[in-house]
Structures are given as C-alpha cells and as structure tokens.
Amino acid sequence: RLQPEEIVLYGRSLGSGPSCYLAAKTAKEGRSVAGVILQSPLLSAFRVAFNFRFTMVWDKFPNIDYAKFIRCPVFIVHGTMDEVVPFWHG
C-alpha cells in the first residue's frame, strides 16, 4: 500500500481541483504527498468564467484557497495561448 509521501499528484484543467484538494487535505493531516504537477490549472471554477476576487460558496474547485495549505513541491505548466483557461490562472 502506497503512503501519501510516495505519491505525486497530476491534474490537468478541471483535474487540478481534485489534485489541489488532496494535496491540501494530506498536508492538513500532517502527511503531505510527494509533489503536485498541474497542467493548465484553474484558480477556481467560477474564476474561469467570471473575474471574481473572492471564492463563491458553491465553487467546486477553489484551488486558490487550497494552495496555502499545500506543503510539497508544485510544478505548474500552462500555455500562454490557452483559449479555455486564462494563462494568469497558472
């Protein structure tokens, strides 16, 4: 059975939500994952469509709020010509 410290999470676009959530959750439990790779991540689901400066209560992927709890190396890859998720989300 793998321990959290042996796992590197990978999330692309919407998949960045569950990856950030798991990285933050394990860190809060005192057992951080080994690392996180995010490709074209979102700040939050609603912030892709609307330029909010805050997180909506029903936002399913508030990655920006999870980020402060992540305690492992994070590698972010995001193209400048992405037409779905703005580059500045990365």
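Keep in mind that what you see is a predicted model, and the values were worked out from it rather than measured.

Draft legend 1. Quick look at the packing of aromatic side chains. Per the counting criterion, the structure on display carries 2 aromatic pairs. Ring centres of Tyr 21 and Tyr 66 lie 5.7 Å apart, and the angle between their planes is 65°; this geometry places the pair in the edge-to-face category. Separated by 45 residues along the polypeptide, Tyr 21 in helix α1 (residues 16–28) and Tyr 66 in helix α3 (residues 63–66) bring together distant segments of the chain. According to the relative accessible area criterion, Tyr 21 is partly exposed, its value standing at 38%. What makes Tyr 66 buried here is its relative accessible area of 19%. Aromatic side chains Phe 46 and Trp 58 sit 6.2 Å apart centroid to centroid with 85° between the ring planes, which places their arrangement in the edge-to-face category. A residue pair is termed long-range when its members are at least 10 positions apart, and Phe 46 in helix α2 (residues 45–49) and Trp 58 in the loop between α2 and α3 qualify at 12 residues. Residue classification places Phe 46 among the partly exposed positions, given a relative accessible area of 23%. The class for Trp 58 is exposed, based on a relative accessible area of 55%. The positively charged end of Lys 28 is found above the aromatic ring belonging to Phe 69, 4.2 Å away from the centroid.

Draft legend 2. Inspection of the pairing of strand β2 (residues 35–39) at higher detail. In terms of strand pairing, strand β1 (residues 8–12) meets β2 through 5 bridges, oriented parallel. By the bridge assignment for β2, Val 8 is matched with Gly 35. Crossover handedness for the path β1 to α1 to β2: right-handed. Here β2 pairs with strand β3 (residues 74–77) via 4 bridges, running parallel. Among the inter-strand pairings, Val 36 is bridged to a residue of β3, identified as Val 74.

Draft legend 3. Examining unusual backbone geometry more closely. Of note, the phi angle at Ser 13 is positive, near 55°, even though the residue is not glycine. Considering the arrangement of structural elements, one finds Ser 13 in the loop between β1 and α1. Located in the positive-phi region is Ser 40, a residue other than glycine, with phi close to 50°. For Ser 40, the position within the fold is in the loop between β2 and α2. The exposure class of Ser 40 is buried, given its relative accessible area of 12%.

Draft legend 4. The pattern of salt bridges, seen in detail. Applying the stated rule across the entire model yields 2 salt bridges. For Arg 31, the salt bridge is made with Glu 5, and the minimal N-O distance between the two is 2.9 Å. You can see Arg 31 sitting in the loop between α1 and β2 and its partner Glu 5 sitting in the segment before β1, a full 26 residues away along the chain. With its nearest N and O atoms 3.1 Å apart, the salt bridge here joins Glu 29 to Lys 25.

The rules we used
- Residues numbered from 1 in each chain as written.
- Predicted model: local features only at pLDDT ≥ 70, side-chain atom pairs only at ≥ 80, totals over all residues.
- Heavy atoms only, no water.
- Phe/Tyr/Trp six-rings, centres within 6.5 Å; stacked < 30°, edge-to-face > 60°.
- Helix = DSSP H or I, 4+ residues; strand = E, 2+ residues; numbered from the N terminus.
- Buried < 20%, exposed > 50% of the residue type's maximum accessible area, 1.4 Å probe, protein only.
- Lys NZ or Arg CZ within 6 Å of the ring centre and 35° of its normal.
- Pairing = 2+ DSSP bridges.
- Right-handed = clockwise from strand over helix to strand, strands pointing away.
- Salt bridge = Lys/Arg side-chain N within 4 Å of Asp/Glu carboxyl O.

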